[in-house]
Amino acid sequence: MKKAAVSISFRNEISEIDKRIYGSFIEHLGRAVYGGIYQPGNASADEDGFRKDVIELVKKLNVPIVRYPGGNFVSGYNWEDGVGPKEERPVRLDLAWFTTETNEVGMQEFAKWLEKAGSEMMMAVNLGTRGPDEARALLEYANFPGGTYWSDLRKAHGKEKPYNIRTWCLGNEMDGPWQMGHKTAYEYARTATETAKLLKWIDPSVELVACGSSNFKMPTFGEWEHTVLREAYEHIDYISMHEYYSNGADDTPSFLAENIGMDRFIKAVVAICDMVKAEKKTDKTINISFDEWNVWYHSKDHDEALEHWGRAPHRLEDVYNFEDALLVGGLLITLLKNSDRVKIACLAQLVNVIAPIMTDDEKAWAQTIFYPFYHCSTYGRGTALRVDVICDTYDSRKYKNVPLLDAVAVRNEEKRELAVFVLNRSLDDDVETSLDFSENVKPVEHIYMSGFGLKDVNTASEEKVVPASKELKEGPVKFDKASWNVLRYKF
Ligand code: AHR
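Residues numbered from 1 in each chain as written. Predicted model: local features only at pLDDT ≥ 70, side-chain atom pairs only at ≥ 80, totals over all residues. Heavy atoms only, no water.

Draft legend 1. Up close: the environment of Asp 436. Inspection of the secondary structure assignment puts Asp 436 in strand E19 (residues 431-437). Note on Asp 436: relative accessible area 45%, which makes it partly exposed. Between the C-alpha atom of Asp 436 and that of Asp 388, which follows or precedes it by 48 residues, the distance is 9.7 Å. The residues contacting Asp 436, other than those within four sequence positions of it, are Val 6, Ser 7 and Ile 8. (Helix = DSSP H or I, 4+ residues; strand = E, 2+ residues; numbered from the N terminus. Buried < 20%, exposed > 50% of the residue type's maximum accessible area, 1.4 Å probe, protein only. Contact = heavy atoms within 4.5 Å.)

The following block contains the structure:
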């Protein structure tokens, strides 16, 4: 058994947490929409064709914002195809995923689904095959009260009141050669700036996210952010980050340290934002929308063999194991540790496609990664606190000096509750940890996920990897080897 010491001061504040840090993402991809959230005729479908079993799980996750409709899909999407009478909607080829899109679901239906799921939309506009004109039409349709062509069309489609969508993404991964309408940094910077101007002229209350790099390894990383921020700084509010993690090399010690990589990536983007802030001698701060993050690798071989032009094929259906859940817990700790600058984050995605929720025709169930997200979304609202941890470290192939324990705390003044989220990365050792608090706290509960095989998964027939809970006592706490933990206190 190893020993560690954790110290938590209520004054060691990182930031008030923006609830949108617990956002997620639904793309027209695979079975996310069709067969995921929407499946008329399914035993669980409601009068609008939405699966109630899925809504129930989404509500449990308490996701405050969902990015839509892509992803790569949005870069070839005509939003007009997804509004108005369903029977008049065109069937089109989707060149992002080489599938056939029926457009039975569009923003009209998705907005209705979000109402039922208790969430709001983060709308992405197409800056790939389209541009500022189509984006401004969409905003006028969505947010303008009435008396104009697009707002009256919305009314004619049965939606009298505006949708009032607050958060908008200016395209998706425009730095990626795989993207329809891929652009150089300068081309994108100009298009994003001109689009942003039109959107804010129509509705000054919207918040805009410009595309950053698709991942930290992009050859254009850094120069891309710098160029986009230099051009668009005055007109945008956030820059996006995307990253997916993989244990394809079956190197679990490195894999469980990947949130250190996420931290470096965030710090690098923050540094560029602040460099441009300094160059511009402005008081305005650009924050981060980490609007795609997750583990993604299990389904890649399967997906490469898929035939083209299918409808809602099984695609990107990663079946997550226990070590994935551990890393997702670590990634959430990192997002919370950076909550002074990461204001929006979207677990990509929500249903069936690299998702915490899976469905078949009979049921919906929670994958392993559902649980750390559920724990943070449930107990991680309030003010994030830095946690001082003294513990042993290890060297992995990819990362050196990796602390066995990673932790962050969240204080909720309203509920008078404190939650401490702890990942034990050690594959060999339990860690007995003393905890020291600046205020009087009363232990309540220790929720934990441990004791599973690293490759254990949940399936439709067996949900094996689920959390357990025990009474939390005064004194040291044992964090099992390879474990995800939530310590709950009252104060
Ligand atoms: O989430 C899956 C895909 O990953 C998205 O469509 C794209 O933005 C990213 O490359």
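On we go.
Draft legend 2. Representation of unusual backbone geometry in the model. Omega for the bond connecting Tyr 68 with Pro 69 falls within 30 degrees of zero, at 0°, which places this linkage in the cis form. Note that Pro 69 resides in the loop between strand E3 (65-68) and strand E4 (92-94). Following Ala 348, the chain continues into Gln 349 via a peptide bond in cis, with omega recorded as 0°. Along the chain, Gln 349 turns up in the loop between strand E11 (342-348) and strand E12 (357-359). Of note, the phi angle at Asn 401 is positive, near 55°, even though the residue is not glycine. Mapped onto the elements of the fold, Asn 401 is located in the loop between strand E15 (393-394) and strand E16 (402-403).

Draft legend 3. Summary view of the packing of helix H1 (residues 52-61) against helix H11 (residues 370-379). At a minimum axis separation of 8 Å, H1 and H11 run at an interaxial angle of 50°. If you check the angle between H1 and H11, you find them oblique. Every residue of H11 that contacts H1 at Leu 57, Lys 60 and Leu 61 is listed here: Phe 370, Phe 373, Tyr 374 and Ser 377. Classifying every residue of the contact of H1 with H11 by side-chain character gives five nonpolar, one polar and one charged. (Axes fitted to C-alpha atoms, helices over the stretch in contact; angles between N-to-C directions. Parallel < 35°, antiparallel > 145°, perpendicular 65-115°, else oblique. Nonpolar A, V, L, I, M, F, W, Y, C, P; charged D, E, K, R; others polar.)

Draft legend 4. Region of the structure containing the side chain of Asp 53. Here Asp 53 shows up in helix H1. Judged by its relative accessible area of 18%, Asp 53 is buried. Only 3.5 Å separates the side chain of Asp 53 from the backbone nitrogen of Ala 364, close enough to count as a polar contact. Contacts of Asp 53, omitting those with residues within four sequence positions, involve Ser 44, Lys 363 and Ala 364. (Polar contact = N/O pair within 3.5 Å; in protein donor to acceptor, adjacent residues only side chain to side chain.)

Draft legend 5. View of H11. Of all the 10 residues making up H11, eight are buried; the element is thus mostly covered by neighbouring parts of the structure. Buried within H11 we find Phe 370, Tyr 371, Pro 372, Phe 373, His 375, Cys 376, Ser 377 and Tyr 379.

Draft legend 6. Structural view of helix H2 (residues 107-117). Counting buried residues along H2, eight of its 11 residues qualify, which places the element largely inside the surrounding structure. For H2, the complete set of buried residues consists of Met 107, Gln 108, Glu 109, Phe 110, Ala 111, Trp 113, Leu 114 and Ala 117. On its buried face, H2 is in contact with H1, E3, strand E6 (120-125) and helix H3 (132-143). Positive phi appears at Gly 118, one or two residues downstream of H2, with a value of about 75°.

Draft legend 7. Quick peek at the pairing of strand E9 (residues 238-245). Taken across its eight residues, E9 has eight buried, putting it largely inside the fold. Burial along E9 is two-sided: the face carrying Tyr 238, Ser 240, His 242 and Tyr 244 and the face carrying Ile 239, Met 241, Glu 243 and Tyr 245 are both buried. Summarising the sheet, strand E8 (residues 207-210) and E9 pair through two bridges and their orientation is parallel. Within E9, the position partnered with Val 209 by the bridge is Tyr 238. (Pairing = 2+ DSSP bridges.)

Draft legend 8. Region of interest: the sheet that holds strand E23 (residues 483-490). If you walk across this open sheet you meet the nine strands as E21-E20-E23-E18-E17-E14-E1-E19-E22, and the pairing is mixed. In this open sheet, the two edge strands, each paired with only one partner strand, are strand E21 (468-471) and strand E22 (477-479). For this sheet, the mean angle separating the axes of adjacent strands, direction not counted, is 25°. Across three bridges, the pairing between E19 and E22 is antiparallel. When the bridges of E22 are listed, Val 431 appears paired with Phe 479. Along the sheet, H11 makes contact with strand E17 (405-412), strand E18 (417-424), strand E20 (442-449) and E23, crossing E23 at roughly 20°.

Draft legend 9. A look at the site of the ligand. The environment of the ligand is made up of 13 residues, and the closest members are Glu 27, Asn 72, Glu 173, Tyr 244 and Glu 292. One nitrogen or oxygen atom from the main chain of Asn 72 is found 2.9 Å from an oxygen atom belonging to the ligand. Note that an oxygen atom of the ligand is positioned 3.0 Å from one of the side-chain N or O atoms of Gln 349. Protein chains bury 94% of the 280 Å² of accessible surface belonging to the ligand in isolation. (Near = heavy atom within 4 Å. Areas by Shrake-Rupley, 256 points an atom, 1.4 Å probe, with all protein chains shown as cover.)

Draft legend 10. Here's a closer look at the sheet that holds strand E2 (residues 23-25). Strand order in the closed barrel formed by eight strands is E2-E3-E6-E7-E8-E9-E10-E11, with parallel pairing between adjacent strands. Adjacent strand axes in the sheet meet at a mean angle of 30° when their direction is disregarded. Relative to E6, E3 runs parallel, the two being bridged by four bridges. Its bridge partner lying in E6, Ile 65 is registered against Glu 120. Packed on one face of the sheet, H2 meets E3 and E6 and runs near 155° to E6.

Draft legend 11. Local environment of the packing of aromatic side chains. Summed over all chains, the structure comprises 22 aromatic pairs. Every member of this aromatic cluster is reached through a ring pair, and the members are Trp 79, Tyr 141, Tyr 149 and Trp 150. Above the ring of Tyr 374, the side-chain terminus of Lys 60 is found at 4.9 Å from the ring centroid. If you follow Arg 67 out to its NZ or CZ, it ends over the ring of Phe 25, 4.7 Å from the centre. (Phe/Tyr/Trp six-rings, centres within 6.5 Å; stacked < 30°, edge-to-face > 60°. Lys NZ or Arg CZ within 6 Å of the ring centre and 35° of its normal.)

Draft legend 12. Here's a closer look at the nonpolar core. Membership of the largest hydrophobic core comes to 164 residues, with the highest contact counts inside it found for Phe 290, Trp 293 and Phe 421. Counting residues per element, this core draws most heavily on helix H10 (residues 322-337), at nine residues. (Core = buried A, V, L, I, M, F, W, Y, C linked by side-chain atoms within 4.5 Å.)

Draft legend 13. Region of the structure containing the side chain of Asp 318. Relative to the helices and strands, Asp 318 is located in the loop between helix H9 (300-304) and H10. Here Asp 318 is buried and forms no salt bridge, its nearest opposite-charge partner Lys 300 lying at an N-O distance of 7.8 Å. Within polar-contact distance, the side chain of Asp 318 engages the backbone nitrogen of His 298 at 2.9 Å. Asp 318 has contacts with Val 295, Trp 296, Tyr 297, His 298, Ser 299, Ile 354 and Gln 367, leaving out every residue within four places of it along the chain. (Lys, Arg positive; Asp, Glu negative; His and termini not counted. Salt bridge = Lys/Arg side-chain N within 4 Å of Asp/Glu carboxyl O.)

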